[in-house]
Amino acid sequence: MKITVVGTGYVGLVSGACLAEMGNTVLCLDLDPRKIEILKNGGIPIHEPGLDKVVERNVAAGRLSFTTSVEEAVAFGQIQFIAVGTPPDEDGSADLQYVLSAARNIGRLMDGYKVIVDKSTVPVGTADKVKAAIADELAKRGVEIPYSVVSNPEFLKEGAAVDDFMRPDRIVVGAEDPKAIELMRALYAPFQRNHDKLVIMDVRSAELTKYAANAMLATRISFMNELALLAEKVGADIEQVRVGIGSDVRIGYHFLYAGCGYGGSCFPKDVQALIRTGDEYEQHLKILNAVEAANNAQKQVLTTKVLKRFGNDLSGKHIAIWGLAFKPNTDDMREATSRVVINDLITNGATVCAYDPVAMDEAKRIFQDQSGLTYAENPLDALKNADALVIVTEWKAFRSPDFDEIRQRLSAPVIFDGRNLYDPKMMQSIGFEYYPIGRTV
Ligand SMILES: NC(=O)c1ccc[n+]([C@@H]2O[C@H](COP(=O)([O-])OP(=O)(O)OC[C@H]3O[C@@H](n4cnc5c(N)ncnc54)[C@H](O)[C@@H]3O)[C@@H](O)[C@H]2O)c1
Ligand SMILES: O=c1ccn([C@@H]2O[C@H](COP(=O)(O)OP(=O)(O)O[C@H]3O[C@H](CO)[C@@H](O)[C@H](O)[C@H]3O)[C@@H](O)[C@H]2O)c(=O)[nH]1
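Residues numbered from 1 in each chain as written. Chains lettered and ligands numbered in written order. Predicted model: local features only at pLDDT ≥ 70, side-chain atom pairs only at ≥ 80, totals over all residues. Heavy atoms only, no water.

Draft legend 1. Summary view of the domain arrangement of the chain. Domain parsing of the chain yields domain 1 (2-201), domain 2 (211-296) and domain 3 (299-435). With centres defined by C-alpha atoms, the gap from domain 2 to domain 3 works out at 24 Å. Each partner contributes residues to the interface: domain 2 has 14 residues there, and domain 3 has 15 residues. Summed over both partners, the interface of domain 2 with domain 3 buries about 1100 Å², with 51% contributed by carbon and sulfur atoms. (Domains from an automatic or database assignment. Contact = heavy atoms within 4.5 Å. Buried area = accessible area lost by both parts, 1.4 Å probe.)

Pasting the structure below:
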């Protein structure tokens with residue numbers, strides 16, 4: 001099939017490349033000329049494991065190409081995926097300007113039947129707005145061209161995006177038009193040869209399903225983070241509690257890790273957007289308000305522990321940070337806990353030296369020339385003369401470090417671990433002052 005993907009971010013580029021991998025011919029459009037330039041020159045504008053190979057292979061096979069031309073993109077695919085950003089507006093609701101602008105472009109230029117597939121995460125009712133925007137553009141042109149709008153939310157995780165797209169748990173399609181449903185069924189057939197993963201539903205339910213999934217996952221994390229705080233007070237170990245409850249099949253082991261708060265481009269913004277939808281319909285979502293508040297507080301837990309250990313004035317203290325990305329295997333720092341921790345430590349007088357395997361360029365772009373913040377070339381260099389190490393992201397490379405090397409560089413063996421990477425008893429036995437989240441020593 002001939003497919004256009006609008007937006008070459010984490011979702012658009014991965015979707016486009018994976019659809020091409022299955023034999024489709026895909027044209028990816030982005031209005032950011034820098035991204036398209038990088039892609040046309042054989043590069044990848046984001047860090048996403050395995051994506052470079054899929055892109056390279058499909059570009060070479062002539063199945064994947066890139067453009068900044070809206071005209072070329074609209075003319076190309078009978079299926080037009082919209083995968084542009086839906087960032088939070090000032091009040092936390094999803095900003096639909098990019099989605100609606102993409103829809104208007106399609107309406108302005110289309111000349112035959114199109115299926116417009118919304119892959120961006122959008123509030124309930126957005127498909128109707130997309131439909132209306134296209135209808136409006138067609139009316140302006142004085143033409144009548146048939147089209148369908150489908151909701152097809154994406155569930156991939158950054159850092160595992162290619163695998164998630166190629167082997168999805170489920171493929172949610174919200175559609176009413178039988179012709180559009182058949183096209184989507186055919187498009188996704190190669191991704192579900194093992195068993196049927198297509199869940200077809202009405203458009204509004206599909207739109208809400210995406211928020212429901214993220215909100216449920218965020219709730220689990222905030223729940224465990226709050227219990228971790230309690231575990232510290234009552235002398236229990238959240239890791240043992242996690243194993244104890246995860247074994248119940250109704251609960252399961254996934255997404256029960258306490259830590260220093262969830263970040264990323266999805267959970268924080270989607271929880272907020274769903275809360276706003278609730279407010280809009282006067283159905284206030286009390287649980288989600290608590291989930292958000294608990295997460296905002298959790299991002300300060302590491303700094304609170306540092307202040308408790310060193311006193312309220314951190315002047316003269318130098319802190320090493322391991323991990324800047326919001327999670328491992330990505331360079332994405334949107335809503336990353338590291339941003340809060342670094343700001344809080346510096347505001348309290350400390351200087352910080354940070355290391356991350358792939359997110360340092362992004363950190364430099366975000367923090368610009370922030371005084372008090374420097375970067376190290378490798379994890380051990382970050383520790384030089386530091387009064388403590390603070391771990392924010394659970395990169396694999398941090399899991400089994402050489403603790404003698406760490407001890408030699410730190411001015412005192414003090415570690416604050418926001419991701420519970422080490423066994424507290426082992427840390428104590430090798431002479432470290434170790435401050436994990438919700439664990440007893
Ligand atoms: N990042 C994820 O892991 C993830 C997973 C599932 C769903 N989502 C959702 O998918 C959507 C996209 O997320 P993302 O992380 O890929 O965003 P992103 O910010 O990485 O990429 C969006 C891209 O769209 C481009 N763009 C904006 N308006 C455009 C237009 N009119 N025409 C062409 N290009 C345009 C931007 O230049 C940018 O490159 C969001 O709604 C997000 O919530 C994201
Ligand atoms: O047990 C856990 C699991 C995750 N996290 C944190 O939660 C955040 C999000 O992690 P993850 O869900 O792995 O990454 P995302 O790429 O943000 O993916 C989420 O958001 C995407 C965008 O909507 C969805 O498509 C995915 O299904 C959903 O998992 C990160 O800060 C993690 O550190 C925890 O604190 N504890």
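Draft legend 2. Focus on the environment of S265. Residue position: S265 is located in the loop between α10 (238-246) and α11 (267-280). Overall, the relative accessible area of 12% leaves S265 in the buried class. The spatial distance from the C-alpha of S265 to the C-alpha of P88 is 9.8 Å, given a sequence separation of 177 residues. For S265, the contacting residues outside a window of four places in its chain are E158, D332 and R334. Looking at S265, its side chain comes within polar contact range of the side chain of E158, at 3.5 Å. (Helix = DSSP H or I, 4+ residues; strand = E, 2+ residues; numbered from the N terminus. Buried < 20%, exposed > 50% of the residue type's maximum accessible area, 1.4 Å probe, protein only. Polar contact = N/O pair within 3.5 Å; in protein donor to acceptor, adjacent residues only side chain to side chain.)

Draft legend 3. Fine view of the packing of aromatic side chains. Per the counting criterion, the structure on display carries 11 aromatic pairs. With a centroid separation of 4.9 Å and an interplanar angle of 25°, the aromatic rings of W322 and F398 are classed as stacked. Taken as a pair, W322 in strand β9 (residues 318-322) and F398 in the loop between β12 (388-391) and α17 (403-409) lie far apart in primary sequence, 76 residues in all. With respect to burial, W322 and F398 carry one shared label: buried. Where F416 meets Y435, the ring centres are 4.8 Å apart and the plane angle is 15°; that geometry is what we call stacked. One end of the pair, F416, is in strand β13 (residues 414-417); the other, Y435, is in strand β14 (residues 433-435), and 19 residues separate them in sequence. Using a relative accessible area of 0% as the deciding quantity, one classes F416 as buried. (Phe/Tyr/Trp six-rings, centres within 6.5 Å; stacked < 30°, edge-to-face > 60°.)

Draft legend 4. Representation of the sheet that holds β9. Pairing is parallel across the open sheet formed by six strands, whose spatial order is β11-β10-β9-β12-β13-β14. Only two strands of the sheet have a single partner each, and these edge strands are β11 (373-375) and β14. Strand-to-strand twist across the sheet, computed as the mean angle between neighbouring axes with direction ignored, equals 20°. As paired elements, β9 and strand β10 (residues 351-355) share five bridges and run parallel to each other. In the strand pairing of β10, W322 is matched with Y355. Contacts from helix α13 (residues 301-310) reach β9, β12, β13 and β14, with the element oriented near 155° to β13. Against the sheet, helix α14 (residues 337-347) makes contact with β9, β10, β11 and β12, and its axis sits at roughly 180° relative to β9, the strand it touches most. (Pairing = 2+ DSSP bridges. Axes fitted to C-alpha atoms, helices over the stretch in contact; angles between N-to-C directions.)

Draft legend 5. Looking closely at the site of ligand 1. Around ligand 1, the surrounding shell holds 27 residues, and the nearest of these are D30, K35, T86, E158 and K269. In the environment of ligand 1, an oxygen atom lies 2.6 Å from a nitrogen or oxygen atom belonging to the side chain of K269. Taking R334, its side chain carries an N or O atom lying 3.1 Å from an oxygen atom of ligand 1. When ligand 1 sits alone it has 840 Å² of accessible area, and the protein chains cover 90% of it. Among the elements of the structure, α1 (10-21) and α5 (97-109) are those that each provide at least two residues to the shell around ligand 1. Looking at side-chain class alone, the shell around ligand 1 contains 11 nonpolar, eight polar and eight charged residues. Inspection of the shell around ligand 1 shows a minimum of three residues originating in each of domain 1 (2-201) and domain 2 (211-296). (Near = heavy atom within 4 Å. Areas by Shrake-Rupley, 256 points an atom, 1.4 Å probe, with all protein chains shown as cover. Nonpolar A, V, L, I, M, F, W, Y, C, P; charged D, E, K, R; others polar.)

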